[in-house]
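Coordinate analysis (summary)
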Amino acid sequence: MAAIPVPMVSVCLWMLFLAISQPLQGGVEDPGPPFKNLPFGQNHVTGSWKVAAETFFHPMKASRKKLLKGEGILVYLPKGKSPRDSRKELPLPEAGDLEVSLDFMLSPKAALTLELGNAYTITLTDSRGNPGPQAVTSGTVTTAFSGYEPYSNVGKPPGLWQNVRWVMRRSESGASRLEAVYLNEICIHQELEIPAKGASKGQPVVTVTGGSQPFSLRNFRYRKPESYREPDRGKSKTVYGEIALPVSQEPVLLRSFILYGDIKKTHILSTGYTEQVNMAYNLAKGAPLLMWRGRFLKANNMWDQRGLSQVAEPLGNPLELPDAPSLARLTSEEMVWPDSVTADADYHYKGYALEETGKPEFLYRLGAAEIAETFYPRQAGVALERTFTTGMKIPDLWCRAATGTVRKVAKGLYSINDYQYLIHTEGAVRIRTIDGRDELLLPFTETSLSYTIIY
Amino acid sequence: MRLNYLMTIIACCAGLLAVGQSVKKEEYYSIQTVPVPEGISMEVGGLASLPDGSLAAVTRRGDIWLISNYAGLSPHFRRFASGLHEPLGLAYADGAFYTTQRGELTRVKDRDRDGRADLFEKVYDWPLSGNYHEYSYGPVIDRKGDLWVTLNASWDTANRRAQSWAKWRGWVLKISKEGEMVPIATGLRSPAGFGFNEEGDLFYAENQGDWVGSGRISHVESGDFLGNPAGLKWTSEPNSPLSLNADAIATTGETLFEMAQRIPALKPPAIWAPHGIFGISTSDILTDTLHGDFGPFSGQLFVGDQGQSKIMRVALEKINGQYQGVIFPFLDGFMSGILRMIWGKDGTMLVGMTNRGWASTGRQSFGIQRVVWNGKTPFEMKTVQARPDGFEITFTAPVDPATASEPAAYQIQGFTYHYQLAYGSPVINQETCPVQAVVLSEDRLKVRLVVANLREGYIHEIKTTAIQSAENQPLVHDIGYYTLNSIPEGEKIAVPHSEHLHAASQKVTKTIVPDSFLAKRVVVMPDTWNHKVDHTIEIGTKPGLKYNLEAFTVKAGDRVKLTFKNSDDMLHNIVFVRPGTQTEIGEGALHLGLGGLAKHYVPESDNVLAHTSLLQPESEEIIYFQAPLKAGNYPFICTAPGHYQVMQGIMKVVE
């Protein structure tokens, strides 16, 4: 959670964003050669296509969008429902095997397609209305012969930057093979092959086609892929020998150890919701630790042989949230947020109840107050609404909804860590900065409080 | 009922076919399997009997199952709860389940009574370091309604010893239903099983390991230190009932009993269960509270064993205020590794099993079986009690005086174990105890033995092979081990020529390691090899009783240098055997008896080609041997008791 404080742009309520600052491609363990960037400049500008330094689309309100003048980001702002210039060719300067990466941010209900040669079309959508792999699930690939659903639904909501990356191999004859497609760093397709007949020769081109709703693109880049590496499909797809916990009709819960960074956390309850959103909660602190889209947990390290590590593995790309108490009584504006629970601290975990639907309600005591806490999937699983109920009014009680860099991007909507995730709240907030870290604080004015994590 | 009838017919037929053979145990107790539907991993962590007569089982995967009609041919399974973290115990009280997860004692309730749990309340929780060995067991509920849990010590791979890396690892805790915790005792290493006897006193079963020479059963009272020093780390806590410091415990050459004479908190076990003979991993303890409805052993303790898939029987007595007693075999041949035993409402013993990660003689991965007493009294030693000058054996049926009156009908020897940091212990200080006189009671149910060379603090093996019942039946089991911590005061029986007989007691020869052993375990490269090795190989271990190599290939006659690295937390060896003889050698190791460990569990046999010694955890040994001249697949096995069936590999010898 590297938080780099960046000066605020006064005309905008949101901050200047360095397009390069989010290393979405490859990740830290990527051993491949560096990617070559293909910047989006003024040459791309036509009627429906603009360039900008920054964009934001409100995930819940289609009309709310923001653009900041500059270059680096290619924005599709369709003139009409099906503008003539909805297609844009993005040539790649080299032929042969290529690994290509592209960041995209959708507006509500937006869809775009990426045609790779004449062989494959990747459809990227706001798939909030379609939990589970369906034909329009973000990441679906179609060829002349068939459609291929992604292994799991790992799309993020509008307003957040996402990444799509693919490895394409081409033979001399012109046949092409889509070796792997990754959405938000999770492998969603592997080994799709097209014979020479349907493929194109010559210089490769990625053709982007928009629809009736805006989106933006950045970080278009490519490199020569390494020799074949088996992608880790295990996070998105059942693999041989895997002991995964399937979630179908009702939520599935599991207590286990969980890795938080490199640290083994020992008192964790994870919930896999039916909307394909999952959350790991630290019972020792009253803190949601991880949230991820897609499949739930793999339990091989618990249930195979002795299960030496006892660590359950999230089958997705988890968002790490702070491992600190979420509630505290702040008796002054300067009082530092308590980051740990000590034996004599106020927090006393009591247990959890299951609602009719099977969702857990976390129960604990904070001083003399009895607190109940729920998480409900919202917006088809890209969001979790967290609600605290205190039973009685507690003076000076605050909820810390986020730490890192916190910027207001719309009414009641806050970008955390440069669009890593969003927090939505209807209520009052206070943003304060302590030791270079922002905190998004929500005061308890009533006996309940809610906010939504959008990821 | 129909099933019982069927079983009886089968047992009768088997009996007819086996005329002239030894006793058929099934005549008295039969083992019946509770069918488990396909797809349920019934790896039992805990069992509980419910008021309506049905059964509840909690699994290592964290589910609670309700099982009704479990004695029928098609029991009904219903999942009541799920998502628990490796629960290893289950109890039912006041309309709620209590179960111990890795880090928490939890109360599980069904508030709306729809058959599905909807409230998981913390009763008490404790920290964890995350080490795999930090298993948490229980609860067992006492008469007052308090909940007792035991916490396994952590396993320190680097230092090959148990540790207490989080508070209260290695302790027994008493916890009220309201969550008030009282630490009771420490010195526990691997306390998977514990239970109360009829008097309400708590006993727990321990497994061999560091500071634990062999499996044992200890009486647990507040302030006890029960042998493994890991948990002493927390004796400076304000609520610790003892103040003994871990520094006080060192490998001095004293036995545990001897050290206990100068360290009052250290309590010797009431029962030692000789390793490999009476189990390799003692588990649950169940007191016979059925007052005769389960046979003649009312008030005694049944003790399960995970690795050997069997149940033993313990009869305790109190001498000079302390428990001690005798352990006998009871029943073997269960389908998997026994972890839990409870009484069903129907008066049968329900046995819950799992062998994931720890292989067991019963080859199934998991299961539930019932032990049904068929109403006939087995001819057994019911109990052995200490007397000022010997022992008194009580039988379950009158004995035949012709076979029971002679001293020669009884063979007794004493021995003990090291008290040491090293893993396990060989049998030490083995000496015979001549029986000088036998006095048969009028009802012929008891024999009083006058025995020489009794030693306090020693285990006494009592063999009674020749004895028959008045109806000329042999004993179902002819052996028991009495742990004689204290010899009672009282009247002795006058024995003529006792001095002469006393002189006959002798040390059992210590050189039980045959010369051939040395020949097959060569740890220095033979001079004749001229520093030349044809094949160098390294074999290690994987958790769960496995070698890290399934097969390797050598040429016939190759000079092989083998490094065996035991990186597991148990004792292991490698024994190369002739093709097809792994069962013979593996079983042979089990029959080595008390001397097994001293012989590194390698039986004397031409079918043994080469072997290492029995290696401590996290240690290694290099051996040299010449590959057989004849091509073929030569198995290598670990002959530590209970391991050979799964811990195997193949040496392929090619021309």
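Quick caveat, the model's predicted, so the values are computed rather than measured.

**Some thoughts on the overall build of chain B**
Check the secondary structure of chain B and you find six helices and 43 strands. In summary, chain B has a C-alpha radius of gyration of 25 Å against a globular reference of 26 Å for 655 residues, a match within 12%. Along the first, second and third principal axes, the C-alpha atoms of chain B reach 80 × 65 × 60 Å. The buried share of chain B, reckoned over its 655 residues, is 49%.

**Observations concerning the sheet that holds strand 40 (residues 608-611) of chain B**
Residues and elements named next belong to chain B. Taken together, five strands build an open sheet; the order of strands is 37-43-42-39-40 and the sheet is mixed. The strands lining the two open edges of the sheet, one partner per strand, are strand 37 (551-555) and strand 40. Put simply, the sheet's adjacent strands are angled 25° from each other on average, direction ignored. As paired elements, strand 37 and strand 43 (residues 648-654) share five bridges and run parallel to each other. Pairing of T553 across the sheet is with K652, part of strand 43. Against the sheet, helix 6 (residues 582-590) touches strand 39 (575-577), strand 40, strand 42 (632-637) and strand 43, its axis set at about 20° to strand 42.

**What to know about the sheet that holds strand 6 (residues 111-116) of chain A**
Across the sheet, six strands lie side by side as 4-13-6-7-8-9 (chain A); this open sheet has antiparallel pairing. At either margin of the open sheet sits one strand with a lone partner, and together these are strand 4 (87-91) and strand 9 (147-148) of chain A.

**Here's the deal with the environment of V212 of chain B**
All names here are of chain B. Within the fold, V212 resides in the loop between strand 17 (202-206) and strand 18 (215-220). For V212, a count of 27 C-beta atoms within 10 Å gives the class buried. Expressed as a C-alpha distance, the spacing of V212 and I141, which sit 71 residues apart in the sequence, is 27 Å. When neighbours within four sequence positions are excluded, V212 is seen to be in contact with R189, E206, N207, G227 and N228.

**Let's talk about the interface of chain B and chain A**
Contacts between the two partners involve 21 residues from chain B and, on the opposite side, 20 residues from chain A. The class makeup of the residues in the side of chain B that touches chain A is six nonpolar, nine polar and six charged. Examined bridge by bridge, strand 23 (residues 347-354) of chain A and strand 9 (residues 119-125) of chain B share three bridges and lie antiparallel to one another. Note that in strand 9 of chain B the partner of Y352 of chain A across the bridge is F120 of chain B.

**Description of the confidence of the model for chain A**
Overall, the predicted model of chain A reaches an average pLDDT of 87, with 88% of residues at or above 70. Scored below 50 in pLDDT, residues 1-28 of chain A shows 46 contacts in the model against residues more than four places distant or in partner chains.

**Brief notes about the pairing of strand 28 (residues 390-395) of chain B**
Residue and element names in this part refer to chain B. Here strand 27 (residues 381-387) runs beside strand 28; their pairing, made up of six bridges, is antiparallel. Of the residues in strand 28, the one forming a bridge with R387 is G390. Here strand 27 folds back onto strand 28 in antiparallel fashion, the turn holding two residues. Strand direction decides the pairing type here: strand 28 and strand 32 (residues 446-451), joined by five bridges, are antiparallel. When the sheet's bridge partners are listed, E392 is paired in strand 32 with R448.

**Structural notes on unusual backbone geometry**
Leaving glycine aside, a negative phi is the common case for residues, and trans is the common case for peptide bonds. Cis geometry is adopted by the peptide bond preceding P139 of chain B, which originates at G138 of chain B and carries an omega value of 5°. Among the structural elements, P139 of chain B can be located in strand 10 (residues 136-141). Positive phi values are uncommon outside glycine, yet K109 of chain A reaches one of about 65°. If you trace the backbone, K109 of chain A turns up in the loop between strand 5 (98-106) and strand 6. Residue class for K109 of chain A comes out partly exposed when judged on the 14 C-beta atoms lying within 10 Å of it.

**Quick notes on the environment of R444 of chain B**
Here R444 of chain B shows up in the loop between strand 31 (435-440) and strand 32. In contact with R444 of chain B, other than residues within four places in its own chain, are P398, V399, P401 and A470 of chain B.

**Quick word on the environment of G45 of chain B**
With respect to the secondary-structure elements, G45 of chain B resides in strand 2 (residues 44-49). Separated by 87 residues in sequence, G45 of chain B and Y132 of chain B place their C-alpha atoms 16 Å apart.

**Thoughts on helix 6 of chain B**
When we look at burial in helix 6 of chain B, the residues that qualify are Q582, I585, G586, G588, A589 and L590 of chain B. For helix 6 of chain B, the secondary structure elements touched by its buried residues are strand 39, strand 40, strand 42 and strand 43 of chain B.

**Some remarks on the confidence of the model for chain B**
All names here are of chain B. Here chain B averages 92 in pLDDT, while 93% of its residues score no lower than 70. Note that pLDDT drops below 50 for residues 1-22; the model gives that stretch 14 contacts with residues more than four away or on any other chain. The low-confidence segment residues 498-503, where pLDDT is below 50, has five contacts with residues more than four positions distant or belonging to other chains. Complex prediction metrics read pTM 0.90 and ipTM 0.90.

Quick notes on the rules
Residues numbered from 1 in each chain as written. Chains lettered and ligands numbered in written order. Predicted model: local features only at pLDDT ≥ 70, side-chain atom pairs only at ≥ 80, totals over all residues. Helix = DSSP H or I, 4+ residues; strand = E, 2+ residues; numbered from the N terminus. Rg over C-alpha atoms; globule rule 2.2 N^0.38 Å. Buried ≥ 20, exposed ≤ 12 C-beta atoms within 10 Å, placed from the backbone. Pairing = 2+ DSSP bridges. Axes fitted to C-alpha atoms, helices over the stretch in contact; angles between N-to-C directions. Contact = placed C-beta atoms within 7 Å. Nonpolar A, V, L, I, M, F, W, Y, C, P; charged D, E, K, R; others polar. pLDDT = per-residue confidence, 0-100.

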